[in-house]
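# Chains, contacts and geometry: an overview
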Amino acid sequence: MNLASIPSPSTGVIELGPIPLRGYAFCIIIGVFVAVWFGNKRWIARGGKAGTVADIAVWAVPFGLVGGRLYHVITDYQLYFSEGENWVDAFKIWEGGLGIWGAIAFGAVGAWIGCRRRGIPLPAWADALAPGIAFAQAIGRWGNWFNQELYGKPTDLPWAVEISEGANRVAGTYHPTFLYESLWCIGVALLVIWADRRFTLGHGRAFALYVAAYCAGRAWIEYMRVDEAHHILGLRLNVWTAIIVLVLAVVYIVVSTKLRPGREEIVEPDRDATPGKDADAKDAEQDADAKKDPLSKDEPGESGKDLTAESTEAAAEKG
């Protein structure tokens, strides 16, 4: 018998007057704002311009949402395309179901497009945003609490989450894996911030550290979940994904450190200068050099004086 537990909300919808706002969507939106806000502060500290992170996020966020949804639908296709299910539900993103692996992969594609348009190195932008993404995930995981989903095995621990009877779920108290992952993501964000200050990470290594640290936690948290999932060699698909991505992130950190040590000195080119201004500045510099040159045609100098003297002497001898 539980003496204490975390109650689940009776509804996943927050009523804002006549506008219904789903708790899951609300958490995602707040997380995006936090990621952009914190990423902007870090970008400015790296020498970038205010607003650049938001401009690139305009590309990254939509790509990330599409990628996250695609990963979820593909890996859990039976929820939408098996007998008795409605495939239209695959488009109801507000009901939950975003795969972080697809969100990061597709989000990176969107960020790459945005960075190319601004002439910015993607690794530097990713490094600035890495802790903010972890904070966003920590907030976004509470959307699962609103939907009463992605909980762990049954438990009578004081911090167990109460789950009510519903579709595909049995009433009881379970491990709040959403809470575990939320706290883990906060720890990941703090780890990246500390390591970035301590070791001056650059060229995508802060982002790679975030990926590696998140995957380490996701692997054991995923193992605790009891919702339906595909298994490979006895392990859930997402556990294998976390292990593989973790290894790739560590390899990137090691190789990148050897090939490109240190940190980028310039993360964003100066966009204030225009070709016309550059040409005017160059002409002014050439004029200044010409005035300083003793052999310039505008100021003859010693050679000019010698020629004048020789002409005068020749005229005198002739006369």
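## What about the overall build of the protein?
Tallying secondary structure elements over the protein gives eleven helices and six strands in all. Out of the 319 residues belonging to the protein, those deemed buried represent 39%. Residue pairs in contact within the protein that sit at least 24 positions apart in sequence constitute 71% of those at least 6 positions apart. Here the protein displays about 18600 Å² of accessible surface, and carbon together with sulfur accounts for 65% of that area.

## A look at the pairing of strand β2 (residues 19–22)
For strand β1 (residues 13–16) and β2, the ladder comprises four bridges, and the chain directions are antiparallel. Across the sheet, Glu-15 pairs through a bridge with Pro-20, a residue of β2. Linking two consecutive strands that pair antiparallel, namely β1 and β2, is a turn of two residues; a positive phi of about 65 degrees is found at Gly-17 within it.

## Some details on the packing of aromatic side chains
Tallying each qualifying case throughout the model produces 13 aromatic pairs. Centroid distance Trp-142 to Phe-178: 5.0 Å. Interplanar angle 75 degrees. Geometry classified as edge-to-face. One end of the pair, Trp-142, is in helix α6 (residues 142–147); the other, Phe-178, is in helix α7 (residues 177–199), and 36 residues separate them in sequence. Taken together, a centroid distance of 4.6 Å and an interplanar angle of 40 degrees make the contact between Tyr-151 and Tyr-174 tilted. Within this pair, whereas Tyr-151 is found in the loop between α6 and β3 (161–163), its partner Tyr-174 is found in strand β4 (residues 172–174), the two being separated by 23 residues in sequence. For the residue pair Tyr-151 and Tyr-174, the accessibility class agrees, reading buried in each case. Among the aromatic residues, ring-to-ring pairing joins Trp-101, Phe-207, Tyr-210 and Tyr-214 into one connected group.

## Some details on the side chain of Thr-241
Structurally, the position occupied by Thr-241 is in helix α9 (residues 237–259). With a relative accessible area of 17%, Thr-241 lands in the buried category. When neighbours within four sequence positions are excluded, Thr-241 is seen to be in contact with Tyr-71 and Trp-101.

## Regarding helix α5 (residues 122–140)
The sharpest bend along α5 comes to roughly 45 degrees, located at Leu-129, with the proline Pro-131 sitting one to four residues further on. Burial within α5 is extensive, with 16 of its 19 residues counted as buried.

## Remarks on the nonpolar core
Core analysis: the biggest nonpolar cluster contains 41 residues, and Trp-43, Trp-101, Trp-125, Val-192, Phe-207 and Tyr-210 have the highest contact counts within it. Broken down by secondary-structure element, the contributors of at least two residues to this core are α1 (23–45), α2 (52–75), α4 (100–118), α5, α7, α8 (205–224) and α9. Cys-27, Trp-145, Val-161 and Tyr-174 belong to the second largest nonpolar core, which has ten residues in total.

The rules we used
- Residues numbered from 1 in each chain as written.
- Predicted model: local features only at pLDDT ≥ 70, side-chain atom pairs only at ≥ 80, totals over all residues.
- Heavy atoms only, no water.
- Helix = DSSP H or I, 4+ residues; strand = E, 2+ residues; numbered from the N terminus.
- Buried < 20%, exposed > 50% of the residue type's maximum accessible area, 1.4 Å probe, protein only.
- Contact = heavy atoms within 4.5 Å.
- Areas by Shrake-Rupley, 256 points an atom, 1.4 Å probe, with all protein chains shown as cover.
- Pairing = 2+ DSSP bridges.
- Phe/Tyr/Trp six-rings, centres within 6.5 Å; stacked < 30°, edge-to-face > 60°.
- Bend = angle between axes of the 7 residues up to and from the residue.
- Core = buried A, V, L, I, M, F, W, Y, C linked by side-chain atoms within 4.5 Å.

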